[in-house]
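# Chains, contacts and geometry: an overview
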Amino acid sequence: MSKKVVVIGEAREGSLRNVTFEAIAAAKIISDGGEVVGVLCGAGDLQESGREMVYYGADRVVTVSHEELKTYTSEGYVQAVHAVIEDESPEGIVMGHTSIGKELTPKLASRLQSGLISDATEVVNEGNSVVFTRPIYSGKAFEKKAITDGITFATIRPNNIPSLDRNDSLQGEVTEKGVEIKNIRTIIKDVIRKSSEGVDLSEAKVIVAGGRGVKSSEGFKPLEELAEVLGGTVGASRGACDAGYCDYALQIGQTGKVVTPDLYIACGISGAIQHLAGMSNSKVIVAINKDPEANIFNVADYGIVGDLFEVVPKLIEELKQLNV
Ligand code: FAD
């Protein structure tokens, strides 16, 4: 049965995040031939970003531009998105399972008196119901949840549901809605980004992660080079962050970021359960560790027993020769 589904888009520093396009693809599945309406909040002219959502499959986009929406606050965004949802009366709402998505969607769901499926890694339409797959027990198992009636409200994990190909011949209206935003109690004075430069960890296709075995911040240099050669980014275990080798913004795991890249290279990481919680669903895992008994080898697709300071430079050399 076809449905109208709203996709809440997310931009960072003026650019839409990839997960917005993945959310549109998920919304297409849920809508089953119905209408997919994008919502985009921010300040200034949002036309271009709105059109980008159309090129990735949204049938039309509603933008809400307001000075109070320049920087995300849940109070402002809840008011703006809720106003659009009231107009649209959708049967489905989808957003990325990002820091913002994790905060905004439960608040909206409670306003709408609706349930919420969070962190979905797969969405399938089975006629009368939409079936979501989501990890439980820190990624050790998956559960399937079927929604048969009511609002289908979900967040989707970045890097799991492929976005549709960009097609700039697609047509769709981008309209602006005026919303009165009031009672903002949060004052954002400054936004300081701490994460690594370049590719965002949660959306990275390739991650080279270092653990305590990297031994120093200097020891991260070869990992950074390997990541650069592969067009990826660097991550870390909490062991490495606690030791002060890198910033906590790089931490992957139960209390860090959850990532699902195409390739995860773990260097000098033992594979503690709390680390695996954040990366074990990566598509291909390569582990480099000098201890053949290290737990990380139990989840690795390819294991290299050896000293990372010998193995990583060799990998860089080989990859450069292959011109990857
Ligand atoms: P270690 O366990 O010390 O492992 C270092 C590894 O490096 C060893 O396997 C060693 O053989 C190898 N090594 C050493 N030298 C070399 C070399 N030259 N070449 C190759 N290999 C080498 N951890 C996380 O990562 N993320 C989390 O989100 C997280 N959350 C936690 C939450 C809680 C509540 C708790 C209690 C713990 C959490 N931890 C988390 C910590 C976790 O339990 C581990 O302590 C941590 O993951 C260990 O980091 P590590 O693998 O880098 O270090």
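Everything in this summary refers to the structure shown in the same document. (Residues numbered from 1 in each chain as written. Predicted model: local features only at pLDDT ≥ 70, side-chain atom pairs only at ≥ 80, totals over all residues. Heavy atoms only, no water.)

## Examining the pairing of strand 16 (residues 284-289)
Extensive coverage of strand 16 is indicated by the burial of five of its six residues. Bridge count for strand 15 (residues 263-267) against strand 16 is five bridges, and the pairing is parallel. Counted as the bridge partner of Ala-266 is Ala-287 from strand 16. A crossover links strand 15 with its parallel partner strand 16, the connecting element being helix 7 (residues 273-279), and its sense is right-handed. When strand 16 meets strand 17 (residues 302-305), the two strands line up parallel, connected through four bridges. (Buried < 20%, exposed > 50% of the residue type's maximum accessible area, 1.4 Å probe, protein only. Helix = DSSP H or I, 4+ residues; strand = E, 2+ residues; numbered from the N terminus. Pairing = 2+ DSSP bridges. Right-handed = clockwise from strand over helix to strand, strands pointing away.)

## Quick notes on the sheet that holds strand 9 (residues 129-136)
Pairing is antiparallel across the open sheet formed by three strands, whose spatial order is 8-9-10. The open sheet is flanked by strand 8 (122-126) and strand 10 (141-147), the only strands paired with a single partner. On average, adjacent strands in this sheet sit at an angle of 25° to one another, irrespective of strand direction. Strand direction decides the pairing type here: strand 9 and strand 10, joined by seven bridges, are antiparallel. Bridging from a neighbouring strand, Ile-136 pairs with Ala-141 of strand 10. In this fold helix 1 (residues 18-31) packs onto strand 8 and strand 9, with an angle of close to 20° to the strand it touches most, strand 8. (Axes fitted to C-alpha atoms, helices over the stretch in contact; angles between N-to-C directions. Contact = heavy atoms within 4.5 Å.)

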